[in-house]
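Okay, here's what each chain looks like letter by letter:
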Amino acid sequence: MTSIDERLVRERAAEHGVPDAVAREFTARSRPCLYLVPHGDLPESRRKDARPAARTGGLPALPDGVDWPAGKGPLVLSVDCGALPRGALDIELPADGHLLFFTEIEYPPDSAMVLHVPVGTPTTERVATYEFDGEPMQVKVYAPQTLYPLAGLTVDEDWRESPATRAFLDEGGNDDDNDGVLDSFEEAVLAAASDGSRPGVTVQIGGFSQSWDMAPDEGDLVLLAQLAGQAIDYDVRTMNLIVGTRQDIAAQRYADLQYEQQC
């Protein structure tokens, strides 16, 4: 498990006139994440030695005896677990091998699957054609794009309801000014956590979801992956969220994950 950079949060709080107690509540309601972004979206300081860790789209390389998932959902993301920064997340992913994400992103999926292919497993790239009732069919294949990991920070969307933060907002009977202060403080911390460049439309692993509707990562459920449709195909305007319990994610019980699409 990683830890939040409390010094960074305190420094930004001091710069923005945010009380220490509020900064502590912000830290307590924060979770680390990894953004997976194109090389050009990395901060300049990270580009020279950047190591790719994922790919959107393309064809899957699957072990012998493993075919496309039922429903023939497209491959939307492949993650090289061994290329992810160690200790960057507070959820447990495999130490090596690839995680393959199959799901529809253009409309709510009838079926979806996350598959772990251990390192060293013999695989064969599958073709995108198949037969159905004797007729040739084509699986949707998105153009592949190489992605690079960028550490980031997320915060619970309800963090401002914490006691000290609520009191800070209520000071003077008008919380508009202090609400703006917290907006600037929050954005400064989240940007600084990603070396000054917080990505926009992207793929996110771990952290709190940035959902468009009710967040699915509530109660015992935490976010495994969030895939903005436009990060895979620019014309697809959906948000695709995959959640599960920490225990199921750590034990690789990916069949128990839950999938939600928002638009």
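Everything that follows concerns the structure shown earlier in this document.
Residues numbered from 1 in each chain as written. Predicted model: local features only at pLDDT ≥ 70, side-chain atom pairs only at ≥ 80, totals over all residues. Heavy atoms only, no water.

Caption draft 1: Geometry of the pairing of strand β9 (residues 135-138). Pairing of strand β8 (residues 129-132) with β9, which is carried by four bridges, proceeds in the antiparallel orientation. Its bridge partner being in β9, E131 is matched across the sheet by P136. What sits between the antiparallel neighbours β8 and β9 is a turn of two residues, in which D133 has the positive phi angle 55°. (Pairing = 2+ DSSP bridges. Helix = DSSP H or I, 4+ residues; strand = E, 2+ residues; numbered from the N terminus.)

Caption draft 2: Structural view of the nonpolar core. By size, the foremost hydrophobic cluster in this structure holds 39 residues, and its most contacted members are L36, L77, L93, F101 and L224. Of all the secondary structure elements, the ones that give two or more residues to this core are β1 (30-37), β4 (75-80), β5 (98-102), β11 (203-205), β12 (221-228), α6 (229-232) and β13 (239-245). It is β12 that contributes the most residues to this core, seven residues altogether. (Core = buried A, V, L, I, M, F, W, Y, C linked by side-chain atoms within 4.5 Å. Buried < 20%, exposed > 50% of the residue type's maximum accessible area, 1.4 Å probe, protein only.)

Caption draft 3: Broad picture of the pattern of salt bridges. Under the counting rule described, the total for this entry stands at 16 salt bridges. Put simply, R198 and E187 hold a salt bridge, and the shortest N to O gap is 3.3 Å. Here E187 lies in helix α5 (residues 176-193) and R198 lies in the loop between α5 and β11, a separation of eleven residues in the sequence. Of the residues examined, R198 reaches a relative accessible area of 29% and is grouped as partly exposed. (Salt bridge = Lys/Arg side-chain N within 4 Å of Asp/Glu carboxyl O.)

Caption draft 4: Molecular detail of the packing of aromatic side chains. Summed over the entire model, instances satisfying the criterion amount to four aromatic pairs. Chaining the aromatic ring pairs together yields one cluster made of F26, W159 and F185. In this arrangement the basic side chain of R237 is found over the ring face of Y234, its NZ or CZ atom lying 5.7 Å from the centre. (Phe/Tyr/Trp six-rings, centres within 6.5 Å; stacked < 30°, edge-to-face > 60°. Lys NZ or Arg CZ within 6 Å of the ring centre and 35° of its normal.)

Caption draft 5: Focus on the pairing of β12. Counting buried positions along β12 gives eight out of eight residues, so the element sits mostly inside the fold. The sheet contact formed by β11 and β12 spans three bridges and is antiparallel. Within β12, the residue paired with I205 across the bridge is A225. Pairing geometry for β12 and β13, over seven bridges, is antiparallel. Residue pairing for β13: V222 is matched across the bridge by G244.

Caption draft 6: Expanded view of unusual backbone geometry. Of note, K72 is a non-glycine position whose phi angle comes to about 55°, a positive value. Residue placement: K72 occurs in the loop between β3 (61-63) and β4. Look at K72 and you get partly exposed, because its relative accessible area is 22%. Positive phi, normally seen in glycine, also occurs at Q252, with a value near 60°. Its place among the elements puts Q252 in the loop between α7 (246-250) and β14 (258-262). Exposure remark for Q252: the relative accessible area of 37% places this residue in the partly exposed category.

Caption draft 7: Spotlight on the sheet that holds β5. Strand order in this open sheet of ten strands is β6-β5-β4-β2-β10-β1-β11-β12-β13-β14, and the pairing throughout is antiparallel. Looking at strand neighbours, the two that pair on one side only are β6 (113-117) and β14, the edges of this open sheet. Each neighbouring strand pair of the sheet contributes to a mean axis angle of 25°, computed without reference to strand direction. (Axes fitted to C-alpha atoms, helices over the stretch in contact; angles between N-to-C directions.)

Caption draft 8: Up close: the environment of A53. Secondary-structure assignment places A53 in the loop between α3 (44-47) and β2 (54-56). Assessed through its relative accessible area of 2%, A53 is described here as buried. For A53 and A128, which are 75 residues apart along the polypeptide, the C-alpha to C-alpha distance reads 23 Å. Look past the residues within four positions of A53 in its chain and what remains in contact with it is S78, V79, D80, A83, L84, L147, Y148 and P149. (Contact = heavy atoms within 4.5 Å.)

Interpretation in functional terms is not warranted from these geometric data alone.
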